Amino acid sequence: MSITTDLAGKKAIITGSNSGIGLGIAQELARAGADVVLNSFTDRPEDHALAESLAATHGVRARYIAADMSDGAACRALIAQAGACDILVNNAGIQHVAAIPDFAPEKWDAIIAINLSSAFHTTAAALPLMRAAGWGRVINIASAHGLTASPFKSAYVAAKHGIVGLTKVTALETAEEPITANAICPGYVLTPLVEAQIPDQMKTHNMDRDTVVREVMLARQPSRDFATVEQMGGTAVFLCSDAAAQITGTTISVDGGWTAL
Ligand code: NAD
């Protein structure tokens, strides 16, 4: 069998993909030929314009479906509305930072719902479609925080460890089928959100851009370089390729050596 990364005709759904890593993954899947469904909880003209731009650039079908990933029924409805799902990328995520006694319970609930439970609901709705199609890829965007911890990120670390566990169970339940489930564990990725934090950090630490990035923001990332959204997209495309057909139930760290420390 020849090894291919041609995803023409495959239908991909990427949750939380109107910015950052989700959009980068959607772009690379579209570049590889997949039709894509973008998602977030907003329903603005610019969200739909992102899908139109992807379709025009890569000659694939692309649409944007608004659905709130904090709502289990909406997660399932997203998959139903898309109608097909060969590739499911569970990427939607939020963060909140506070010590456990001060951690607002509603923030805990929101992080667990969006970063973890959404993947349970979308996977439950998508697996029957993958089985009907005879092929499937589940790609969960975890984090270096799915494998290690940091103080003040209790809900995020719990959700990301949880999604690594869900990935393993999904892989075992599909192990004898042409379906795989894996988690990508990014370190610090240069997204618009991260980029926007740099000026503040420069001011707080009275450092230039390069120094604050190397010494403060990337203190735990041995490469002292951000990963990119394109690298996340390329890793997702690899997981969809024939070369990765026997890779299932595992984590792929794209973290500049963070988890080697
Ligand atoms: P981002 O804020 O740019 O992207 C998050 C996406 O999720 C956005 O599209 C946002 O609209 C969407 N989203 C948020 N709440 C939602 C909801 N209720 N329903 C639907 N969509 C919702 O951030 P990002 O850095 O691109 O993060 C994407 C994923 O990557 C997250 O799961 C995050 O935990 C993970 N991650 C990011 C980094 C990093 O350094 N940026 C590192 C490790 C893991």
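The rules behind the values
- Residues numbered from 1 in each chain as written.
- Predicted model: local features only at pLDDT ≥ 70, side-chain atom pairs only at ≥ 80, totals over all residues.
- Heavy atoms only, no water.
- Phe/Tyr/Trp six-rings, centres within 6.5 Å; stacked < 30°, edge-to-face > 60°.
- Helix = DSSP H or I, 4+ residues; strand = E, 2+ residues; numbered from the N terminus.
- Buried < 20%, exposed > 50% of the residue type's maximum accessible area, 1.4 Å probe, protein only.
- Lys NZ or Arg CZ within 6 Å of the ring centre and 35° of its normal.
- Near = heavy atom within 4 Å.
- Polar contact = N/O pair within 3.5 Å; in protein donor to acceptor, adjacent residues only side chain to side chain.
- Areas by Shrake-Rupley, 256 points an atom, 1.4 Å probe, with all protein chains shown as cover.
- 1 Å grid on protein atoms, 1.4 Å probe; cavity = no way out; pocket = protein on both sides within 12 Å on 5 of 7 lines; lining within 4 Å.
- Sits in = over half its atoms within 2 Å of the grid points.
- Nonpolar A, V, L, I, M, F, W, Y, C, P; charged D, E, K, R; others polar.
- Contact = heavy atoms within 4.5 Å.

> Hey, could you run me through the packing of aromatic side chains in this one?
Here the distance between the centres and the angle between the planes together describe a pair of aromatic rings. Scanning all chains against the criterion turns up 1 aromatic pair. Plain terms: the ring middles of tyrosine 188 and phenylalanine 226 are 5.7 Å apart, the flat faces sit at 85 degrees to each other, and that makes the pair edge-to-face. Here tyrosine 188, found in the loop between strand 6 (179-186) and helix 6 (192-205), pairs with phenylalanine 226, found in the loop between helix 7 (209-217) and helix 8 (229-240); they are 38 residues apart in sequence, far enough to count as distant. On the basis of relative accessible area, phenylalanine 226 is assigned to the buried category, the value being 11%. If you follow lysine 10 out to its NZ or CZ, it ends over the ring of tryptophan 135, 4.1 Å from the centre.

> Whenever I open this one, the site of the ligand confuses me. Can you help?
Around the ligand, a shell composed of 29 residues is seen, among which Asn18, Ile21, Ser40, Asn91 and Tyr156 lie nearest. Interatomic distance of 2.8 Å between a side-chain N/O atom of aspartate 68 and a nitrogen atom of the ligand. Out of a free accessible area of 820 Å², the ligand has 88% covered by protein chains. Cavity membership is defined here by more than half of the atoms lying within 2 Å of grid points; on that basis the ligand lies in the largest pocket. Contributing elements (two or more residues each) for the shell around the ligand: helix 1 (20-31), strand 2 (35-40) and helix 5 (154-173). Class assignment for the residues of the shell around the ligand results in 14 nonpolar, 13 polar and 2 charged.

> Please explain the environment of serine 241 as it appears in this structure.
Residue placement: serine 241 occurs in the loop between helix 8 and strand 7 (251-254). A relative accessible area of 1% means that serine 241 is categorised as buried. Each C-alpha atom, one on serine 241 and one on threonine 4, is 5.9 Å from the other, the two residues being 237 residues apart in sequence. With residues up to four places along the chain from it excluded, the contact list for serine 241 reads Thr4, Thr5 and Arg137. Separated by 2.6 Å, the side chain of serine 241 and the backbone oxygen of phenylalanine 238 make a polar contact.

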